[in-house]
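Overview (structure and organization)
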Amino acid sequence: MQFTEHNNSIKITVPVTSDALSAHDVATQLQAAGFGRCLVIQDQITNLLVEYQQIQKKIKDKLQPEGTTLTYRIAEKRDAELSFDIAEDAMSAAAVITAAWGGAPVSANVLVKGAQEAGIVFGFSKEHIIKLVTHASKGDPGSKVKLVIARGRNVVNGENSRFEALIPDMESRRNKPLLQSEEKADLRDFGVIPAIRAGEPLMRRHPPTAGVDGMTVTGTALPATPGQSIEWNLAEGSELSATDPDLLQAARDGLPRVIEHGATVDEVFTVKNVDLATGHIIFRGSVVVNGDVTEGMKVIAGGNVFVKGFVEGTLIEAGGDIKIGGSVIGHQLPTAEKDSEYSTELRAKGDIQCNLAQYARLACDGNVYVNKQMMHCAVAAAKVYAGPEDNPNGKLIGGYFYLDYGIFTGNLGAPSSSNVLVELNRLIDPIAEKQDILRASISAAKTDMQDIREQLEKLKKIEGNAQIELRRQQLQDDFDEHKSVALALIEDVKQLEQQRKEKLAATQIVVRQQLFSAVEVHFGKDLIRSRREYGPSKVLLVDGSPAIEPFF
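Residues numbered from 1 in each chain as written. Predicted model: local features only at pLDDT ≥ 70, side-chain atom pairs only at ≥ 80, totals over all residues. Heavy atoms only, no water.

Here we take up the environment of Leu-30. Relative to the elements of secondary structure, Leu-30 occurs in helix H1 (residues 23-32). Note: C-alpha distance between Leu-30 and Pro-226 (196 residues apart in sequence) is 66 Å. Beyond its immediate stretch of four places on either side in the chain, Leu-30 contacts Phe-3, Ile-10, Phe-35, Gly-36, Val-40, Ile-74 and Ala-75. (Helix = DSSP H or I, 4+ residues; strand = E, 2+ residues; numbered from the N terminus. Contact = heavy atoms within 4.5 Å.)

So this is what it looks like as structure tokens:
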């Protein structure tokens, strides 16, 4: 057999002899001649073999001499093919290479030039382009290789004015006991309470940023939305600097506290103990108790409340944070924990922090931090941390928790199977209530639509006149209006459902040491209950259902 190439076509010339010829023989010789990666034309090979056998028969019958040659075009070379797939949003583009049939592969330069001709001009990845052409050159002939070769630049919208607290302890009142050594800490000593004098800086306002424009792979600019300038929230005890409108300073001595878009300086009321000798403390600023709050006493403050000792009082209420250096010691009145009344209650707009708490009700907009242990308390908060925030190793024994996001603790529950009820529904319940109201409105709208439809059916049976036609049109307009309202309400319900799912997906309980039995956790209407003891565990939603999984 002889093979020749002309204009990318591969021709075979073979003399007809008495020897048999098969498609395998042709393929083997084609490979040996260096044309193995070319596109074989099967029909031509079939025709070659048929004619070869026909001539063999003639030679056998001595009708034709041996050695007659046959020439057929049995294969062809094809260069690699290149195409592009630009995403609908034009933020990415992929190249597709069909590997060559013995022809020329696609080079990186050819790929880039082809991409530019296809309108792709931005965001090329040199690494991906080289990877794609390399894989395609080694791929089986005719195989397709696809890879993203360019990505657009996402828009980075500008940030609004940013407010930076200039006193570190203003931003967080978290209870972090002072270390006396690497192995020892005084849990009652959480440092000096931050104070400020008139004229000292409180907060700096940083200007809004312009953002960064985006760019599609086709070169279309995506303008960024610039940040907005936010005005100061000038609160009592603060004032703007006379020389710098972006600097807030103290207008009086006191305790600084961050508020939204500003800061305030609370007047500070200091007392040794809160007992029968002092009476209840009600003060518009912050209150510092250097000792204890005894049984039956109240402290109500517009700012923060600091108690260095223990709390047995009836109520501690703060417009900011509550920080207790010692323990919160209350007493439970009824037996059912969820609906229990407690002798001691703490309420705060910010965080609540203490060393230990038992039989008390704690409610705050922020988080609850307990250094060591909490027993049989009713808690409403965003999150609960038992132990240090970076390594929660404390204990939560019994009680009821109504939370936004979850619990982080060492142990949850007790070997005695003390009941723990956790409802991660504080953000969910308001959404569910709105959905119920909307669904009731939808049901009412559907009832009205049904009544209107029945009236329209009755009018269709009455012989038409101008008055009847006018009434029919009025009813149809009413029906369309009710339908429009119902559809809008249904869309609102769907949006609320999406919000509900997103908030539920962010909830979890992390137990770093031991999760005991009799712990019941609610995620909306779904719940799960631990019926045995577990090691380090997470309680969270998996594919929409509550589950207990190992925590590593």
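There's plenty left to go through after this.
This part is about the confidence of the model for the protein. On average, the protein scores 90 in pLDDT, and the residues at 70 or more come to 93%. Note on residues 185-192: pLDDT under 50 across the span, and 27 contacts to partners over four residues away in sequence or across chains. (pLDDT = per-residue confidence, 0-100.)

Right, let's get into the pattern of salt bridges. Here the structure, examined in full by the defined rule, presents 18 salt bridges. The shortest N-O distance in the salt bridge between Glu-5 and Lys-77 comes to 3.3 Å. Linking Glu-5 in strand S1 (residues 2-6) with Lys-77 in the loop between strand S4 (69-76) and strand S5 (81-86), this pair joins segments that are 72 residues apart in sequence. A residue is classified by how much of its surface remains accessible, and Glu-5, at 41% relative accessible area, is partly exposed. With a relative accessible area of 24%, Lys-77 lands in the partly exposed category. With a closest N to O distance of 2.7 Å, Asp-404 and Arg-426 form a salt bridge. Residue Asp-404 is located in strand S34 (residues 399-412), and its partner Arg-426 is located in the loop between strand S35 (420-423) and helix H6 (428-460); the two are separated by 22 residues in the primary sequence. By relative accessible area, which is 9% here, Asp-404 ends up buried. Bridged by salt links that share partners, the residues Glu-236, Arg-252, Glu-267 and Arg-284 form one connected network. (Salt bridge = Lys/Arg side-chain N within 4 Å of Asp/Glu carboxyl O. Buried < 20%, exposed > 50% of the residue type's maximum accessible area, 1.4 Å probe, protein only.)

Here we come to unusual backbone geometry. Look at His-261: it is not a glycine, yet its phi comes out positive at around 60°. Mapped onto the elements, His-261 comes out in the loop between strand S18 (255-259) and strand S19 (262-266). Non-glycine residue Ser-417 carries a positive phi angle of around 60°. Along the chain, Ser-417 turns up in the loop between S34 and S35. The class for Ser-417 is partly exposed, based on a relative accessible area of 32%.

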